[in-house]
Amino acid sequence: MVNITIDGKKIQVPKDYTVLQAAREAGVEIPTLCYLKGINEIGACRMCVVEVKGARSLQAACVYPVSEGMEVITNSERVRRARKVNLELILSNHDRSCLTCVRSGNCELQKLAEDLNVKQIRYEGENIRRPLDDFSPSVVRDPNKCILCKRCINVCRNVQEVGVINANYRGFRTVISTAFDRSLNDVACTMCGQCIQACPVGALREKDSTDIVWKALADKNKYVVVQAAPAVRVALGEEFGLPIGTRVTGKMVTALKMLGFDKVFDTDTGADLTIMEEGTELINRIKNGGKLPLITSCSPGWIKFCEHYFPEFLDNLSTCKSPHEMFGAILKTYFAQKMGIDPANMFVVSVMPCTAKKFEAQREELAASGYPDVDAVLTTRELARMIKEAGIDFVNLPDSHFDDPMGDATGAGVIFGTTGGVMEAALRTVYEVLTGKTLENVEITQVRGLEGIREAEIDVGTMKIKAAVAHGLANAKKLLEMVKNGEKEYHFIEIMACPGGCIMGGGQPIVPAKVKEKVDVAKLRASAIYDEDRSLPIRKSHENPAVKRLYEEFLDHPNSEKAHHILHTHYKK
Ligand code: HC0
Ligand code: SF4
């Protein structure tokens, strides 16, 4: 420990702390912009400058280490002036179209300009206009709004270990881009959207699909069905000022009905169906000497990562389509037949916490009826924008239920939304199928938690299933390397591209970096998911009445020929 003084306040802090960490602990406010705890600590924006007694120039608190006897001043005239000038310089070279920016109201730059009382910009930047990169179906890059904070670079490089974006050129010409300035669509980007989550401004955002969906809703000839992913219901409320971790399932359903969708369904039903198919696939591979470990296939960012970087594992991937794609395929076949609707006139919208789902929906192999299984994907943020545009008072909405006859879902379907959930849901079913016994305690806590890689051995009758869970692509990579070099052996692996699973997807509400420093967002959203699971009367996928009916009336049995045709897919090397 060392003794330091910040603004006259004496404190003791660990000797490996930075000045910023010490100040935060002492409750002293220092503004930051490029700083992203544990991910981007590079002192680039110089918003956090402070005076350190004995040092000639001002120091960036986020990278300056504490030392015994250090005296720091965070709020002198000199410090305030320097921060203001730095901010004005950033703003001088920024496209300041705040009124029409998707991040207006949730922009860290806008907030700083307000906090630092910047009322004029005295400098003229170079303001080089650069073209938008909007060729990716998932992520739009707007270099004119970029403030070169490099948060996106370090998330992509270190959290996801993908590393497709970097700083090109120097000085005013510096631009965050890909190698040779290609579109994100033309490099090995997984479309996970974690860079969007890290961006403090509107330089990275999702490809907007709200117009396409409004158009479909207005088309009298279209039967427009919507399904909502498990993770959306525990985060959508944040866009309307509700606390992180609030469950808004019923309000979300009401809002979707008010927007004019003909049917409002639950992707959790698709998740239950996935468990039937994937659980059966696992049992068959174990019994018949098939390729193991079986690896889950529901996270499209993970699938794209596997196709680009680990093609040797493609045969390990479950052939199951992801739940929302399965559900879309069922809507345009079974449900369309049942309702007497031509699938050509059906428009399926998925509301997802994920940007990679936009890319997934466009994959041409995902079209069981001859038409795309899913026509448009909205992120949680886009749905919030539509609700606001429609003038709906979301917070005061009453609750509604998902529609029949496809509206039943189980707690097993809900927990898909958090890391470890697909594994737990599968094991709830696989245990009962293999042992013929009832699983009394459905909460398989060994696979829960937020450790990057988790392992479990589950007794199922005469055998033990060795399972592993990884979330975030750097963790996925680490786990796959261990499997590849024979260090680890498993029967079943769950991989989710985003750290925390879908609850922390690239399409979820964006929580400012400062709030993320204090609040464990993943933990709060995950606990809301587990509460929702506990609140449901049925918690095992194979007990879902809608899924049972689907097999009786249409699919016959899990992994049947028809099920394979409609619910399964293949991958590209
Ligand atoms: Fe997920 Fe899904 S759980 S990927 O994370 O499997 O996006 O929430 O909808 O499809 O169900 C996302 C979330 C889904 C799918 C489901 C899976
Ligand atoms: Fe990297 Fe994911 Fe952003 Fe692509 S979407 S640039 S992989 S962080």
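In the block above lies the structure referred to throughout.
To start, this report covers the structure provided alongside it. (Residues numbered from 1 in each chain as written. Chains lettered and ligands numbered in written order. Predicted model: local features only at pLDDT ≥ 70, side-chain atom pairs only at ≥ 80, totals over all residues. Heavy atoms only, no water.)

## What about the site of ligand 2?
Selection criterion: Think of it this way: one heavy atom of a residue within 4 Å of a molecule or strand is enough to make that residue near it. Asp, Glu, Lys and Arg are counted as charged, while Ala, Val, Leu, Ile, Met, Phe, Trp, Tyr, Cys and Pro are counted as nonpolar; the rest, among them Gly, fall into the polar class.
Every residue close to ligand 2 is listed here: C156, V162, V164, I165, L184, C189, T190, M191, C192, G193 and C195. Residues of the shell around ligand 2, tallied by class, amount to 9 nonpolar, 2 polar and no charged.

## Comments concerning the sheet that holds strand β3 (residues 49-52)
Selection rule: Pairing between strands requires that DSSP locate at least two bridges from one strand to the other. Note on conventions: DSSP H or I runs of at least 4 residues are helices, E runs of at least 2 residues are strands, and numbering of each starts at the N terminus. Any two residues whose heavy atoms approach within 4.5 Å are treated as being in contact. A fitted line through C-alpha atoms serves as each axis, taken over the contacting stretch for helices, and the angle formed by two N-to-C directions is quoted from 0 to 180°.
Read from one edge to the other, the open sheet built from 5 strands follows the order β2-β1-β5-β3-β4, with strand pairing classed as mixed. Each edge of the open sheet carries a strand with a single partner, namely β2 (9-13) and β4 (59-60). Two elements, β3 and strand β5 (residues 71-73), share 2 bridges in a ladder whose sense is antiparallel. Following the sheet pairing, E51 is matched in β5 by I73. Packing of helix α2 (residues 77-92) onto the sheet brings it into contact with β3 and β5, and relative to β3 it is tilted by some 155°.

## Comments concerning the nonpolar core
Which entries qualify depends on this criterion: Grouping buried Ala, Val, Leu, Ile, Met, Phe, Trp, Tyr and Cys residues that are joined through side-chain atoms within 4.5 Å yields what is termed a nonpolar core. Using a 1.4 Å probe on the protein chains alone, a residue whose accessible area is under 20% of its type maximum counts as buried, one over 50% counts as exposed, and one in between counts as partly exposed.
Ranked by size, the top nonpolar core spans 122 residues in total, and within it L236, F261, W302, I330 and L555 carry the most contacts. Looking at which element gives the most residues to this core, the answer is helix α10 (residues 323-339), with 8 residues. If we skip the residues at most four places from it in the chain, I330 touches L273, F335, M406, L550, F554, L555, I566 and L567.

## What to know about the environment of Y17
We apply this condition: Identification of polar contacts relies on pairs of N or O atoms within 3.5 Å, with a donor-acceptor requirement for protein atoms, meaning one able to donate a hydrogen and the other able to accept it, and with residues adjacent in sequence counted only if both atoms are side-chain atoms.
Examined against the element boundaries, Y17 turns out to sit in the loop between β2 and α1 (19-25). Exposure remark for Y17: the relative accessible area of 17% places this residue in the buried category. Separated by 47 residues in sequence, Y17 and Y64 have C-alpha atoms that sit 8.6 Å apart. Ignoring anything within four residues of it in the chain, the contact list for Y17 reads A22, E25, Y64, P65 and V66. Within the local environment of Y17, its side chain forms a polar contact with the side chain of E25, the two groups lying 2.8 Å apart.

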